[in-house]
Amino acid sequence: MTDLLVLNGLQKHFGALRATDDVSLSVRPGTLHALIGPNGAGKSTLIGQIAGTITPDRGSITFRGEDVTPLTLPQRARKGLGRTFQISSLIPEFSALRNVMLAVQARQGSSFRFWGRVMADRSLTGPAMACLERVGLADRARVPVSDLSHGERRQLELAVALALEPVLLLLDEPMAGLGPEESRKMTDLLHTLKRETAMLLVEHDMDAVFSLADEVSVLVYGRVIANGPVAEIRTSAAVREAYLGEDA
Amino acid sequence: MDNSRSNSFLRSREGVLTVVALAVLLAAPLVAQAAGQTYFISLASRVAILALAGVGLNLALGSGGMISFGHAAFFGLGGYVAGAMVFHAQEGGQFLGLLAGTQQALLSWPLALAVAGIAALFIGVISLRTSGVYFIMITLAFAQMFYYLALSFPTYGGEDGMTLYERSTLGGLSVSGDLPFFFVCFGVLLLALLLCSRLTGSRFGAALMTARQNETRLATVGINPFPVKLTGFVISAMITALAGVLLVEQNGFASPSLLSWHRSGEIMIFVILGGVGRLIGPVLGAAVFILLETVIGGYTDRWQLVLGLVLLGIVLFARGGLVGLLAGRARHD
Amino acid sequence: MSAAFLLEQLLNGVQFGVMLFLMSAGLTLVFGVMGLINLAHGSLYMVGAFVCAWVSGATGSFWLGLPAGLAAAAAAGAAVEILVMRRLYDRDHLDQVLATFSLILIFSEGTRWIFGNQPLYLNIPPLLSGVIPLPGDGGYPLYRVAIIAVGIVVAIGLYLLISRTRLGMQIRAGEADREMIGALGVDIKTLYTVVFALGAMLAGAAGALVGALQSVQVGMGESVLILAFVVIVIGGIGSIKGALVAALLVGLVDTLGRAFLPRLLTLVMPASDAGTTGSALASMAIYLVMAAILAWRPKGLFPAHG
């Protein structure tokens, strides 16, 4: 089976800083691939390049066998690349439901309809409610984002991404700022979802990573220093020294 | 579900405010007619027209977050094109050497809107490359170009402007009387409000409002923000252009002052004063501004000083403009 | 058309540019440091002009009027900052637009109240009323040369102030990061008042100096305000260097356009129309330049923040 996502020799410099230094890795279909590394390792920069918010200096990104490097952010989204943000980027004025409905609408490819009321459109509200149910937010559908708790916003981020029916989901630190109980719930949720879609997960919570991931890549100073199945990475001496050693 | 939505808006404080404001605007000239104070009929028309200009800008600014400081360009362009058609009907000659003049509003008004729409498309394509204060200033720059173009265009009177001796007729109807003309202005305002209400509730509106709050979010779900914003900008410009058409028809006069940056500022003040992004905001803003101007002007020559203090008080102490003051924060689903 | 005429127009353009620079420097600083859109900056220019003209008239000395104008503009700026602007820093730009628009109304009518409806006139001081000979048989007013000199001094002074002094370091820190400046232990309130008053004083200086070249009247600040905004946007908001380059560019384009476009147009249209059309097109040229520059560089020539 061909790989879902292939990064080949990706480079990004900010001035003298090598945020991404010759990164190559691939994500296989049906897997959850975790990307770990200490703060400042360049994980968010890498996610940004895959999603299309940051243009790499060199290298290529192949998604589902197609070179998507020249494509814009919305074009890649329509190809099936979904993402969540480290810092919540929901629409604060909208309710949870409307945030998801926007993604449903985008998925249907029809934003130039000027008259019909979205709230009366069951082809929007139906799928959106279904996504909210999947992340356990159905009873909070009508609450404005500004009134949701931090944990609920994380769940909503995920619901919005799911509404796009992505082929690959880029998750940028979905546990950031969550308490232990909320983290556990999020981990359970991701466990359920990983049966349906492939994911590339950036995360600091090592318990979550080791319980969820099939494969792990370790990024340090913009370079991939290790790459392999969870069990291998967990026991790798080089990884322990470069990264896990900090905590141990 | 649709009905319950509309009803819940009408039951909300903002909905009540909307209905009351429009009812007062409609009743005022009728009372004035009965009392023989016809001056107030044209004042009410003026409020409706300038409110319409604000309703247009509010779509770009309030819904789409595009702070245009150049909507006078569309206001004036609409006014000048409609005026030019009447002018050529009276004096002969052709508009841009192509079209003979006409006093049929059903022809000249759509033409004015089309010209303004094309101009907005052109201005929008360039201006939307920028953002923030740069967008404010580049839209101003384009409006200033049209202003100086009008100044330098001798056919339509240059600096002195052009005088039109008759209003256009609307189909077979004459709107030369003050009251019929008010009804036309009010009707157009109602239609524009209905359009904006439906637009903001539609799929397009959802995309446009998202573009204002978080463009990256919009792009991340796969919607390119640029065509969404450009479309919003063009519709907004055409609504404001229609207001320019009506003002020229009302005054029988078109001059470069239609296009001046004061005009852009004034339209923006209506929107901010009324409450940015609120449906009835520009109507309240325009009405209160014009009433303050008229009422204070009746008492003292120093009305600008008082008006300035009142506006300053509102912006410092009533956040969210008049609608925010009277109906609280905006509610969304 | 002689070389002397060309030189004279070039100097006029530079002098106009210098005046715009004095206006724009304060505007761009206030925007860069405090993120504030101040439409009332033109009113401070007007205050400088009126007080300078009035004091000069009353005392018979321009050299008393000038510092009075500067002081009045700085004081008005400080008062505006303390009474109004302070409440607006955390508001969005639209509230700032409405509030400073209100201030224009208040300042204009207040000025009319205090100084009356008639314009004031300010004479060029005898010391500067001479003419500097130009090559050929032309001459150039010494006063305008003095304005250019003031502009050069202010530009150098601002450069030194921002790059070499403690206040300048605080200003740069404030532009980079508002929280950092608090962490540095700087009294932000005072800093903001000082920066605002400094900007106001520069605007007042522009108004006072120009007062001897044109009549001093209510509304004089508005057209120059729009040009100052054009300048700071072309230059890149927050950049003093950008403001200087853009001010000279705008000054030259406007002046040379006015001088030469009507002459060019007489080739294609009657002389009676060429005058008005030419000067209108010259005014348009500035905005064409601005739109072209922004279409090319959406953040101006010298973007201050990355």
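Here, every reference points to the structure presented above.
Basis of the calculations
- Residues numbered from 1 in each chain as written.
- Chains lettered and ligands numbered in written order.
- Predicted model: local features only at pLDDT ≥ 70, side-chain atom pairs only at ≥ 80, totals over all residues.
- Heavy atoms only, no water.
- Helix = DSSP H or I, 4+ residues; strand = E, 2+ residues; numbered from the N terminus.
- Rg over C-alpha atoms; globule rule 2.2 N^0.38 Å.
- Buried < 20%, exposed > 50% of the residue type's maximum accessible area, 1.4 Å probe, protein only.
- Contact = heavy atoms within 4.5 Å.
- Buried area = accessible area lost by both parts, 1.4 Å probe.
- Salt bridge = Lys/Arg side-chain N within 4 Å of Asp/Glu carboxyl O.
- Polar contact = N/O pair within 3.5 Å; in protein donor to acceptor, adjacent residues only side chain to side chain.
- Pairing = 2+ DSSP bridges.
- Axes fitted to C-alpha atoms, helices over the stretch in contact; angles between N-to-C directions.
- Parallel < 35°, antiparallel > 145°, perpendicular 65-115°, else oblique.
- Left-handed = near helix turned anticlockwise from the far one by under 90°.
- Nonpolar A, V, L, I, M, F, W, Y, C, P; charged D, E, K, R; others polar.
- Phe/Tyr/Trp six-rings, centres within 6.5 Å; stacked < 30°, edge-to-face > 60°.
- Lys NZ or Arg CZ within 6 Å of the ring centre and 35° of its normal.
- Core = buried A, V, L, I, M, F, W, Y, C linked by side-chain atoms within 4.5 Å.
- Expected span 1.5 Å × (residues − 1).

**A short note on the overall build of chain C**
Then, in step 1: The secondary structure content of chain C amounts to eleven helices and two strands.
Then, in step 2: Starting at the N terminus and ending at the C terminus, chain C contains elements arranged as α-α-α-α-β-β-α-α-α-α-α-α-α.
Then, in step 3: Taken over C-alpha atoms, the radius of gyration comes to 20 Å for chain C, in line with the 19 Å a tight globule of 306 residues would show.
Then, in step 4: Dimensions of chain C, computed from the C-alpha atoms along their principal axes, are close to 60 × 50 × 35 Å.
Then, in step 5: Counting all 306 residues of chain C, 57% fall into the buried class.

**Quick look at the interface of chain B and chain C**
Put simply, an interface is often sized by how much accessible area is lost when its parts join up.
Then, in step 1: Between chain B and chain C, the contact holds 41 residues from the first and 45 residues from the second.
Then, in step 2: When the buried area of chain B at its contact with chain C is split by residue, Tyr134, Met145 and Arg302 of chain B rank highest and sum to 17% of it.
Then, in step 3: Counting every contact that joins chain B to chain C gives one salt bridge.
Then, in step 4: In this structure, arginine 302 of chain B engages glutamate 109 of chain C in a salt bridge whose closest nitrogen and oxygen atoms are separated by 2.9 Å.
Then, in step 5: Across the contact surface, chain B and chain C share nine residue pairs in polar contact (both at pLDDT 80 or more).

**Quick look at the environment of glutamate 133 of chain A**
Then, in step 1: Topologically, glutamate 133 of chain A is positioned in helix α4 (residues 122-135).
Then, in step 2: A C-alpha to C-alpha distance of 8.6 Å links glutamate 133 of chain A and alanine 159 of chain A, two positions 26 residues apart in sequence.

**What to know about the interface of chain B and chain A**
Then, in step 1: Listed by partner, the interface residues are 36 residues for chain B and 38 residues for chain A.
Then, in step 2: Between chain B and chain A, a total of about 3,600 Å² is buried, with carbon and sulfur atoms accounting for 59% of that surface.
Then, in step 3: The interface formed by chain B and chain A includes three salt bridges.
Then, in step 4: A salt bridge links glutamate 93 of chain A to arginine 212 of chain B, with the shortest nitrogen-to-oxygen separation between them at 3.2 Å.

**Things to note about the pairing of strand β2 (residues 17-27) of chain A**
All names here are of chain A.
Then, in step 1: For strand β1 (residues 5-14) and β2, the ladder comprises seven bridges, and the chain directions are antiparallel. Directly across from leucine 7, in β2, lies its bridge partner leucine 25.
Then, in step 2: Hairpin connection, β1 to β2: the antiparallel pair is bridged by two residues, and glycine 15 has positive phi, about 60°.

**A closer look at the side chain of glutamate 14 of chain B**
Then, in step 1: Residue position: glutamate 14 of chain B is located in helix α2 (residues 13-35).
Then, in step 2: Excluding anything up to four places from it in sequence, glutamate 14 of chain B contacts Phe9, Arg278, Leu279, Val323 and Ala327 of chain B.

**Here's the deal with the pattern of salt bridges**
Residues and elements named next belong to chain A.
Then, in step 1: Applying the stated criterion across every chain, the model contains 23 salt bridges over all chains.
Then, in step 2: Arginine 223 is the partner of aspartate 21 in a salt bridge, and the nearest nitrogen-oxygen pair spans 3.2 Å. Residue aspartate 21 is found in strand β2, and its partner arginine 223 is found in strand β10 (residues 223-229); the two are separated by 202 residues along the sequence.
Then, in step 3: The class for aspartate 21 is buried, based on a relative accessible area of 7%.
Then, in step 4: The structure contains a network of salt bridges with shared partners spanning Arg18, Asp21 and Arg223.

**Some points on the packing of helix α6 (residues 132-151) of chain B against helix α11 (residues 271-296) of chain C**
Then, in step 1: Put simply, α6 of chain B and α11 of chain C touch, their axes get as near as 9 Å, and they point 155° apart. Taken as axis vectors, α6 of chain B and α11 of chain C run roughly antiparallel relative to one another. Here α6 of chain B runs over α11 of chain C; the crossing is left-handed. Only Ala280, Ser283, Met284, Tyr287, Leu288, Met290, Ala291 and Leu294 of chain C of α11 of chain C make contact with α6 of chain B, whose side of the interface consists of Tyr134, Met137, Ile138, Ala141, Phe142, Gln144, Met145, Tyr148, Leu149 and Leu151 of chain B.
Then, in step 2: Here the residues of the contact of α6 of chain B with α11 of chain C sort into 16 nonpolar, two polar and no charged.

**So, the packing of aromatic side chains**
How two aromatic rings sit relative to each other is set out by the distance from centre to centre and by the angle between their planes.
Then, in step 1: On inspection of all chains with the given rule, the structure shows 20 aromatic pairs over all chains.
Then, in step 2: Relative to tyrosine 287 of chain C, the ring of tyrosine 148 of chain B lies with its centre 6.2 Å away and its plane at 20°, an arrangement referred to as stacked. Taken together, the residues span two chains, with tyrosine 148 of chain B in helix α6 and tyrosine 287 of chain C in helix α11. With respect to class, tyrosine 148 of chain B is no different from tyrosine 287 of chain C; both count as buried.
Then, in step 3: Judged by centre distance (5.5 Å) and plane angle (75°), the rings of phenylalanine 270 of chain B and phenylalanine 289 of chain B are edge-to-face. Of this pair, phenylalanine 270 of chain B sits in helix α11 (residues 261-274) while phenylalanine 289 of chain B sits in helix α12 (residues 281-299), placing them 19 residues apart in sequence. Considered together, phenylalanine 270 of chain B and phenylalanine 289 of chain B belong to a single accessibility category, that of buried residues.
Then, in step 4: One residue, arginine 234 of chain A, lies across the ring of phenylalanine 210 of chain A, its end atom 4.6 Å from the ring centre.

**Considerations on the nonpolar core**
Then, in step 1: Formed by 277 residues in total, the largest nonpolar core has its most connected members in Val100, Leu156 and Leu190 of chain A together with Leu189 of chain B.
Then, in step 2: Per element, the largest residue contribution to this core is 15 residues, and it comes from helix α3 (residues 39-63) of chain B.
Then, in step 3: Apart from the residues lying within four places of it in its own chain, the contact partners of leucine 156 of chain A are Leu90, Ala96, Asn99, Val100, Leu132, Leu137, Val145 and Leu148 of chain A.
Then, in step 4: If you look at the next biggest cluster of nonpolar residues, it comprises 26 residues, including Leu4, Leu10, Leu35 and Ala51 of chain A.

**Focus on the sheet that holds strand β7 (residues 168-172) of chain A**
All names here are of chain A.
Then, in step 1: Strand order in this open sheet of six strands is β6-β7-β8-β3-β9-β10, and the pairing throughout is mixed. Two strands lie at the open edges of the sheet, namely β6 (81-84) and β10, each paired on one side alone. This sheet shows a mean twist of 15° between the axes of neighbouring strands, independent of strand direction.
Then, in step 2: In this structure, strand β3 (residues 32-36) lies alongside strand β9 (residues 215-220), joined through four bridges in parallel fashion. Bridge pairing links histidine 33 to glutamate 215 in β9.
Then, in step 3: The strands touched by helix α5 (residues 150-163) within the sheet are β6 and β7, with β7 carrying the most contacts at an inclination of about 160°.

**Concerning the sheet that holds β1 of chain A**
All names here are of chain A.
Then, in step 1: Taking strand neighbours across the sheet as the criterion, the four strands line up as β2-β1-β4-β5 in an open arrangement whose pairing is antiparallel. Of all strands in the sheet, those with a lone pairing partner are β2 and β5 (66-67), marking the two edges.
Then, in step 2: In terms of strand pairing, β1 meets strand β4 (residues 58-63) through five bridges, oriented antiparallel. Along β4, the bridge assignment pairs leucine 7 with isoleucine 61.

**Thoughts on helix α13 (residues 303-317) of chain B**
Then, in step 1: Compared with an ideal rise of 1.5 Å per residue, which puts 15 residues at 21 Å, α13 of chain B spans 21 Å between its outermost C-alpha atoms and is within 8% of the ideal.
Then, in step 2: Listed in full, the buried residues belonging to α13 of chain B are Gln304, Leu305, Leu307, Gly308, Leu311, Leu312, Ile314, Val315 and Leu316 of chain B.
Then, in step 3: Where α13 of chain B is buried, its residues contact α11, α12 and α14 (321-327) of chain B together with α4 (93-115) of chain C.

**What about the packing of helix α5 (residues 142-164) of chain C against helix α8 (residues 188-210) of chain C?**
Residues and elements named next belong to chain C.
Then, in step 1: With their axes 11 Å apart at the nearest point, α5 and α8 run at an angle of 170° to one another. As summarised for this structure, α5 and α8 are arranged roughly antiparallel, according to the angle between their axes. Facing α5, whose interface residues are Tyr143, Ile147, Val150, Val154, Leu158 and Leu161, α8 presents Leu198, Leu202, Ala208 and Leu209.
Then, in step 2: Looking at side-chain class alone, the contact of α5 with α8 contains ten nonpolar, no polar and no charged residues.

Interpretation note: all reported values are geometric properties and have no functional meaning in isolation.
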